[in-house]
Amino acid sequence: MQEQIPVTVLTGYLGAGKTTLLNRILSEPHGKRYAVIVNEFGEVGIDNDLVVGADEEVFEMNNGCICCTVRGDLIHIIDNLMKRRGRFDAIIIETTGLADPAPVAQTFFVDQDVRAKTRLDAVVTVVDAKHLVARLDDAPEAQDQIAFADVILLNKTDLVSEDDLKAVEARIRAINPYAKLHRTQNSNVALEAILDRGAFDLERILSVEPDFLDGHHDHDHDPDVVSMSLTIPGDIDPEKFLPWINEVSQTFGPQLLRYKGILAFKDEPRRFVLQGVHMIIDGDLQRPWKADEKRVSRLVFIGRDLDQAALTAGFEACKA
Amino acid sequence: MTASITSSPDQGPRFELGAHVLTAHFIGPLALFATAEGAVAAATPGSGLEGQNQVDQSGLVLAVAASDGKALIVAGERGVVRRVTLKDVSDIAHCSGAWPTALASGPDGAVAVAAGRKLSVWRGGETIFTTQAPSLVQGLAFAPKGFRVAAAHGGGASLWYPGQPAAEPTRLDWKGAHLDVVFSPDGAFLVTSMQENALHGWKLADKAHMRMTGYPGKPRSLAWTVKGKWLATSGADAAILWPFQDKNGPMGKAPKEIAVRGDSKVTRVACHPQVDVVATGYDDGMVLLTRLDDLAEIVAVRPMASAISALAWSADGAMLAWGSDSGFAGIFSARQSV
């Protein structure tokens with residue numbers, strides 16, 4: 001079995017600083033070679049040997065799952081990139097500002113060939129500190145890009161006051177308190193902060209406490225995209241949990257942007273780790289619980305108009 | 001299964017090409033292999049690798065046998081389509097923008113190439129037809145008779161007569177993402193492979209649907225046995241053969257499973273040009289030949305820790321060329337075995 005190639009997805013609005021970041025990644029002397037998949041091919045100069053243009057072709061899957069979409073062009077490109085593996089060590093996908101991140105993320109869950117050969121390392125979202133608030137008010141894509149992010153670069157911080165920055169951060173945290181947030185100017189961030197994060201590796205994501213600002217949720221501004229975290233201090237019953245989470249994915253799938261969990265199943269020495277995008281759930285038993293580790297079952301949902309009471313009650317009912 | 005597997009020593013030469021083998025094709029007794037890094041290598045069973053020619057500096061995305069059998073048609077990363085013969089390499093078409101996504105060779109030197117939704121048909125170095133498909137085109141095929149081209153795309157397939165550019169295309173709708181496309185040898189059926197681990201077929205006379213499902217993986221390799229009696233496919237741990245002898249195709253009939261191996265997936269299939277024998281290539285590098293009459297099997301290539309990515313018979317059926325995704329290739333002499 002060959003090692004899976006890490007894939008970093010760069011999202012963010014035009015002008016937020018995505019291309020600056022991309023060119024920094026490519027030009028720094030890290031000794032890694034990247035294959036870059038770009039939209040708006042040829043419009044912006046990208047100095048790299050292997051640049052492939054994509055056309056954002058979203059395919060609806062005919063598998064009974066109404067919101068299950070994949071990026072057909074990405075599957076085709078990655079399939080072909082893997083035929084020239086000697087030329088690169090990692091893949092970066094730059095999406096357009098208007099792109100919905102869900103089909104991109106779902107591609108890495110749904111397509112078994114892509115999944116066998118690559119792993120989604122992190123979704124990195126670059127946002128403009130000055131204009132993000134207005135975008136969040138008028139564009140659902142902007143909210144989705146924040147919701148899907150594992151790492152957020154709050155860029156162009158030199159153009160706004162500290163108070164404004166705090167307000168923007170609060171808006172971001174209300175949507176996604178789990179992403180790593182970095183304040184930057186000219187997309188200037190240490191590359192370790194965005195590459196090889198293993199952010200889709202749940203081990204890391206859920207081991208970090210959510211970065212709530214002052215512990216307050218501010219739902220006034222973004223009534224639709226919210227996040228919630230549920231914890232049961234102990235074991236749950238897989239016989240109850242698995243049918244429930246499946247039902248949740250089917251019932252609330254269209255509203256659920258991302259969800260993740262690490263669960264302690266009764267009489268199971270290993271941790272059950274799951275993640276989902278809309279109706280697609282992926283879960284399996286991973287490493288054993290360590291002797292000094294508390295067996296805790298925890299679930300995180302990020303989505304629109306979540307029925308928080310129903311989700312809380314449903315999860316509580318799965319107690320072992 | 002009653003047939004016995006006779007392990008024969010690997011017959012014929014084996015060599016390393018250093019890059020993923022996209023396609024193999026025989027011109028007479030000479031086997032050509034196109035690689036993803038842009039080379040076309042030539043080899044014979046007697047002397048092995050005879051030479052390699054870098055036909056595209058950027059690397060190749062697609063390669064298919066020319067419909068006249070006398071050349072390989074290749075498409076590179078920069079969108080240049082070339083005809084590669086034993087003597088020369090000539091530019092015959094190009095597409096701009098993204099990497100080419102589909103390529104097919106047609107009658108009288110025609111070639112169809114797609115990049116994303118853009119589809120063009122070329123002949124004599126000129127574009128004779130261009131159109132925009134409803135969605136990303138990942139498969140193209142020319143009809144066995146007449147001058148008609150089919151494209152597989154998101155939501156189904158479309159057929160055009162490139163000689164009648166004003167005519168409306170025939171649309172064959174079926175929800176989902178369609179990848180490869182083939183006509184049956186008699187031109188009665190069109191079959192696509194799908195992202196959803198299935199095949200979909202249409203009887204062209206009445207657009208009747210044929211659903212062929214149950215694959216654990218995508219069936220990306222499709223090949224017709226002699227006279228189109230069976231459609232052999234990859235995508236499972238066996239070669240799956242759908243019966244097409246009947247005028248309604250495989251509807252209501254079960255497929256035949258041959259060359260079953262529980263531990264490996266079939267990646268390529270190639271049908272012998274004269275007799276009912278199917279070559280099945282697996283993800284562990286093994287190639288098995290199966291005679292359909294009695295299901296007798298022989299091992300043509302032993303496992304080698306890389307997947308078979310190309311398989312092609314010579315026109316007389318005496319040789320089978322194979323290539324792998326890690327750059328190994330070889331020629332199996334089948335005369336004594338089949």
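Rules behind the numbers
Residues numbered from 1 in each chain as written. Chains lettered and ligands numbered in written order. Predicted model: local features only at pLDDT ≥ 70, side-chain atom pairs only at ≥ 80, totals over all residues. Heavy atoms only, no water. Pairing = 2+ DSSP bridges. Helix = DSSP H or I, 4+ residues; strand = E, 2+ residues; numbered from the N terminus. Axes fitted to C-alpha atoms, helices over the stretch in contact; angles between N-to-C directions. Salt bridge = Lys/Arg side-chain N within 4 Å of Asp/Glu carboxyl O. Buried < 20%, exposed > 50% of the residue type's maximum accessible area, 1.4 Å probe, protein only. pLDDT = per-residue confidence, 0-100. Contact = heavy atoms within 4.5 Å. Core = buried A, V, L, I, M, F, W, Y, C linked by side-chain atoms within 4.5 Å. Buried area = accessible area lost by both parts, 1.4 Å probe. Polar contact = N/O pair within 3.5 Å; in protein donor to acceptor, adjacent residues only side chain to side chain. Nonpolar A, V, L, I, M, F, W, Y, C, P; charged D, E, K, R; others polar.

Comments concerning the sheet that holds strand E4 (residues 30–35) of chain B
Strand pairing in a sheet relies on backbone hydrogen bonds, with the paired strands running either antiparallel or parallel.
Residues and elements named next belong to chain B.
(1) Moving on: In space, the four strands of this open sheet follow the order E3-E4-E5-E6, with antiparallel pairing throughout. Each edge of the open sheet carries a strand with a single partner, namely strand E3 (21–27) and strand E6 (48–54). The sheet shows a mean angle of 20 degrees between the axes of neighbouring strands, taken without regard to direction.
(2) Moving on: In this sheet, strand E5 (residues 39–44) lies alongside E4 in antiparallel orientation, the contact comprising four bridges. Along E5, the bridge assignment pairs Ala31 with Ala43.

A few points about the pattern of salt bridges
(1) Moving on: Applying the stated criterion across every chain yields a total of 36 salt bridges over all chains.
(2) Moving on: The salt bridge involving Glu293 of chain A is made with Arg287 of chain A; its shortest N-O contact spans 2.9 Å.
(3) Moving on: When its relative accessible area of 23% is taken as the criterion, Glu293 of chain A is described as partly exposed.
(4) Moving on: For Arg261 of chain B, the salt bridge goes to Asp263 of chain B, with nearest N and O atoms at 3.8 Å.
(5) Moving on: Salt bridges here are not isolated pairs; linked through shared partners, they connect Arg84 and Arg87 of chain A together with Glu37 and Glu77 of chain B.

With respect to the pairing of strand E23 (residues 239–243) of chain B
Residues and elements named next belong to chain B.
(1) Moving on: Extensive coverage of E23 is indicated by the burial of five of its five residues.
(2) Moving on: On E23, burial covers both faces: Ala239, Leu241 and Pro243 on one face and Ile240 and Trp242 on the other are all buried.
(3) Moving on: Two elements, strand E22 (residues 230–233) and E23, share four bridges in a ladder whose sense is antiparallel. Across the sheet, residue Ala232 finds its bridge partner in E23, namely Leu241.
(4) Moving on: Between E22 and E23, which pair antiparallel one after the other, the connecting turn spans five residues, and Gly235 there sits at a positive phi close to 105 degrees.
(5) Moving on: Two strands pair when backbone bridges link them, and E23 and strand E24 (residues 256–258) are joined in this way by three bridges, in the antiparallel orientation. Pairing of Ile240 across the sheet is with Glu257, part of E24.

What about unusual backbone geometry?
Across residues other than glycine, the phi torsion is negative in most instances, and most of the peptide bonds are trans.
(1) Moving on: Unusually for a residue other than glycine, Asn186 of chain A sits at a positive phi of about 55 degrees.
(2) Moving on: Relative to the helices and strands, Asn186 of chain A is located in the loop between strand E9 (180–183) and helix H8 (202–207).
(3) Moving on: What makes Asn186 of chain A exposed here is its relative accessible area of 62%.
(4) Moving on: Positive phi, normally seen in glycine, also occurs at Asp108 of chain B, with a value near 50 degrees.
(5) Moving on: Of note, Asp108 of chain B is situated in the loop between strand E11 (102–105) and strand E12 (111–115).

Considering the confidence of the model for chain A
(1) Moving on: Predicted confidence across chain A gives a mean pLDDT of 85, with 89% of residues reaching 70 or more.
(2) Moving on: Residue range residues 209–221 of chain A is modelled with pLDDT below 50. Its contacts to residues more than four positions away, or to other chains, number 17 contacts.

Side note on the environment of Met304 of chain B
All names here are of chain B.
(1) Moving on: Within the secondary structure, Met304 sits in the loop between strand E28 (297–301) and strand E29 (308–313).
(2) Moving on: Residue classification places Met304 among the buried positions, given a relative accessible area of 17%.
(3) Moving on: Residues Met304 and Ala208 lie 96 residues apart in sequence; the distance between their C-alpha atoms is 43 Å.
(4) Moving on: With residues up to four places along the chain from it excluded, the contact list for Met304 reads Arg14, Asp284, Gly285, Trp322, Ser324 and Phe328.

Some thoughts on the sheet that holds strand E16 (residues 149–160) of chain B
Residues and elements named next belong to chain B.
(1) Moving on: Strand order in the open sheet formed by six strands is E15-E16-E17-E18-E19-E20, and the pairing between neighbours is antiparallel. Two strands close off the open sheet at either side, each with one partner strand: strand E15 (137–142) and strand E20 (208–212). Neighbour to neighbour, the strand axes of the sheet diverge by 45 degrees on average, direction disregarded.
(2) Moving on: Pairing analysis gives five bridges linking E16 to strand E17 (residues 170–183), with the strands arranged antiparallel. Looking at the pairing, Gly156 lines up with Asp173 of E17.

Focus: the nonpolar core
(1) Moving on: Ile37, Leu81 and Ile91 of chain A together with Val81 of chain B are the most contacted members of the largest nonpolar core, which totals 76 residues.
(2) Moving on: In contact with Ile91 of chain A, not counting residues within four places along its chain, are Ile5, Pro6, Val7, Thr8, Tyr34, Ala35, Ile37, Leu81 and Thr118 of chain A.

Here's the deal with the interface of chain A and chain B
(1) Moving on: Counting residues at the interface gives 24 residues for chain A, matched by 31 residues for chain B.
(2) Moving on: Both faces combined, the contact of chain A with chain B buries some 2,300 Å², and carbon together with sulfur accounts for 51% of it.
(3) Moving on: Looking at the side of chain A facing chain B, the largest losses of area belong to Phe59, Asn62 and His76 of chain A, adding up to 26% of the total buried there.
(4) Moving on: Summed over the shared surface of chain A and chain B, the number is six salt bridges.
(5) Moving on: Among the salt bridges present, the one from Glu37 of chain B reaches Arg87 of chain A, with a minimum N-O distance of 3.0 Å.
(6) Moving on: For the pair chain A and chain B, the interface holds 13 residue pairs in polar contact (both at pLDDT 80 or more).
(7) Moving on: When contributions to the side of chain A that touches chain B are tallied by element, the ones reaching two or more residues are strand E3 (50–53), strand E4 (58–60), helix H2 (72–81) and helix H4 (112–117) of chain A.
(8) Moving on: With eight residues, the top contributor of residues to the side of chain A that touches chain B is H2 of chain A.
(9) Moving on: Among the residues making up the side of chain A that touches chain B, the classes are represented as eight nonpolar, six polar and ten charged.

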